[in-house]
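What the coordinates show
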Amino acid sequence: MNILISVNNFSYLSGAPMYVFTLAKELVSMGNNVTIYSGVIGGIITEKARELGIKVIDKLDPNEKYDIMHLNQEWSRHILDIYDIPAVYTIHSEFPCENPIRDDRIKKYIAIRPSIAEKWGIDCEIIYNPIDFGRFHPYPKPEEELILFVGTIDNLRKKSAEHLMNECLKTGKKCRFVGQKFANWADGLDNWFDSTWDIEEHLKDATETAGIMLGRTSIEGYACGLPSIIYDVDKDGNIRSITRNEVPEDMDRFNSKLVAQKILKIYNEIKQC
């Protein structure tokens, strides 16, 4: 199958680009041709994708023939007017930046967790973030306790990060933040590290993770056998609740190979409609 997958920005290591990369990687391994189209391409994520035989482009050829298009984020709206083929759409969060395209030409919606479908009131298939279990698996546990908070350094995560730092001061645990800076609250912290492809090197040092919502940080940590502190936040980053979660029994729902198989099944179903 010839598959077009779109995402707003495919140049940095955030949730939606990593979702697209991991899904494309598995689809190619299953014998499909995959093109990733984005308004912004580059960086190590584009380099890694091309090494795997995934085509990465920032301009579309209207004459190119695709069997299916898998859209991500509202930026992708214009693609619906270029190709007359079935469309699938993944919604990545409950926040305003992920307000989904609502269009009859989209034949199936996917939400990466149930709360997203509830927020937007759309009938969605719930298919969780795909995680590469070849990369993320249990490692020997370090002796010193360390909580790893991976995510873009932005204002959405500021209050959760401050809460975690305060709790660590009380308990004597260490914490570490990893993510590209788009806000200044991490300036001056000696426990902040820039975003990196090799995030598993940080997970090897951790005894648990922290993050907002049920995002990639928590799930990659689960795959490594680590519990996760999850901050449920509103659109302004205000903390609504905090839970500490052990590794779920049903980890197969995050297995990138099984996730890709579910999504490929959806592609085949809507192609026949």
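The structure under discussion appears in the preceding block.
Residues numbered from 1 in each chain as written. Predicted model: local features only at pLDDT ≥ 70, side-chain atom pairs only at ≥ 80, totals over all residues. Heavy atoms only, no water.

1. Some thoughts on the overall build of the protein
What counts here: Working definition: helices are DSSP H or I runs of at least four residues, strands are E runs of at least two. Numbering for both runs from the N terminus. Throughout, the radius of gyration refers to the C-alpha atoms, and the reference size of a globule is 2.2 Å times the residue count to the power 0.38. With a 1.4 Å probe rolled over the protein chains alone, any residue whose accessible area is under 20% of its type maximum counts as buried; one over 50% counts as exposed, and the rest are partly exposed. Residues count as neighbours in contact if any of their non-hydrogen atoms are within 4.5 Å of one another. Residue burial considers only the protein chains on display, and all accessible areas are found by Shrake-Rupley using a 1.4 Å probe.
The helix and strand inventory of the protein stands at seven helices and 13 strands. The C-alpha atoms of the protein give 19 Å as radius of gyration, which agrees with the globular expectation for 273 residues (19 Å, within 12%). Expressed as lengths along the three principal axes of its C-alpha atoms, the size of the protein is roughly 60 × 35 × 35 Å. Looking at the protein as a whole, 54% of its 273 residues qualify as buried. Long-range contacts, defined here as pairs at least 24 residues apart, represent 58% of the contacts in the protein between residues at least 6 apart. Accessible surface computed for the protein: about 12,600 Å², of which carbon and sulfur atoms make up 46%.

2. Examining the sheet that holds strand 1 (residues 2–10)
Sheet strands associate in pairs through backbone hydrogen bonding, adopting either a parallel or an antiparallel arrangement. The criterion, for reference: Any two strands with at least two DSSP bridges between them are considered paired. Every axis in this analysis is a line fitted to C-alpha atoms, fitted for helices over the stretch in contact. Angles between the N-to-C directions lie between 0 and 180 degrees.
Within the open sheet, the seven strands sit side by side as 3-2-1-4-5-6-7. Their pairing is parallel. The outermost strands of the open sheet, each flanked by one partner alone, are strand 3 (55–57) and strand 7 (124–126). Neighbouring strand axes in the sheet, compared pairwise and without regard to direction, differ in orientation by 25° on average. With three bridges connecting them, strand 6 (residues 106–111) and strand 7 associate as parallel partners.

3. A short note on the pairing of strand 13 (residues 239–245)
In regular strands, side chains alternate between the two faces of the sheet. Pairing between strand 12 (residues 228–233) and strand 13: six bridges, direction antiparallel. From the neighbouring strand, D232 faces strand 13, where its bridge partner is S241. The turn linking strand 12 back onto strand 13 is made up of five residues, and G237 within it adopts a positive phi angle of 85°.

4. So, the side chain of N32
Operational definition: Here a polar contact is taken to be a pair of N or O atoms separated by no more than 3.5 Å, where protein atoms must pair a possible hydrogen donor with a possible acceptor and residues adjacent in sequence count only if both atoms sit in side chains.
With respect to the secondary-structure elements, N32 resides in the loop between helix 1 (15–29) and strand 2 (33–41). Within the structure, the side chain of N32 is placed 3.3 Å from the backbone nitrogen of M1, a separation counted as a polar contact. Here the side chain of N32 touches L27 through a polar contact of 2.9 Å, landing on its backbone oxygen. Not counting the four nearest positions on each side in its chain, N32 is found in contact with M1, I3, L27 and L264.

5. Some details on the sheet that holds strand 13
Spatial strand order, 10-9-8-11-12-13: six strands in an open sheet with mixed pairing. For this open sheet the edge positions go to strand 10 (192–193) and strand 13, each flanked by a neighbour on one side alone. Strands in contact with helix 4 (residues 158–171) are strand 8 (146–150), strand 9 (174–178), strand 11 (208–212), strand 12 and strand 13; relative to strand 9, the strand with the most contacts, it is inclined by about 155°.

6. Things to note about the environment of N268
Following the sequence through the fold, N268 ends up in helix 7 (residues 256–271). Overall, N268 belongs to the partly exposed group, its relative accessible area being 32%. In this structure the C-alpha to C-alpha distance between N268 and I68, which are 200 residues apart in sequence, comes to 8.9 Å.

7. Observations concerning the environment of F136
Along the chain, F136 turns up in the loop between strand 7 and strand 8. Judged by relative accessible area, which is 4%, F136 ranks as buried. As for F136 and G225, which are separated by 89 residues in sequence, their C-alpha atoms are 9.2 Å apart. Those residues in contact with F136, other than ones at most four positions away along the chain, are I131, I199, E200, L203, E220, A223 and C224.

8. Observations concerning helix 1
Threshold: Working rule for helices: expected span equals 1.5 Å times residues minus one.
Over its 15 residues, helix 1 extends 21 Å from the first C-alpha to the last, a length consistent with the 21 Å expected when each residue adds 1.5 Å. With 11 of 15 residues buried, helix 1 lies mostly within the body of the structure. Among the residues making up helix 1, those that are buried are A16, P17, M18, Y19, V20, F21, T22, L23, A24, E26 and L27. Once helix 1 finishes, G31 follows within two positions and takes phi at roughly 95°, a positive value.

9. A closer look at the nonpolar core
Defined as follows: Nonpolar core, defined: a set of buried Ala, Val, Leu, Ile, Met, Phe, Trp, Tyr and Cys residues in which side-chain atoms within 4.5 Å join the residues together.
Judged by nonpolar contacts, the single largest core of 54 residues is most densely connected at F10, L27, I36, M69 and Y267. Ranked by the residues each element gives to this core, the list is headed by helix 1, at eight residues. Setting aside residues up to four positions removed in sequence, F10 forms contacts with P17, V20, F21, I36, S38, V40, I41, G42, I45, T46, A49 and V56. Residues F95, I147, I153 and M165 belong to the second largest nonpolar core, which totals 20 residues.

10. Quick word on the environment of A183
Relative to the helices and strands, A183 is located in the loop between strand 9 and strand 10. Ignoring any residue separated from it by four or fewer positions in sequence, one finds A183 in contact with I153, D154 and N155.

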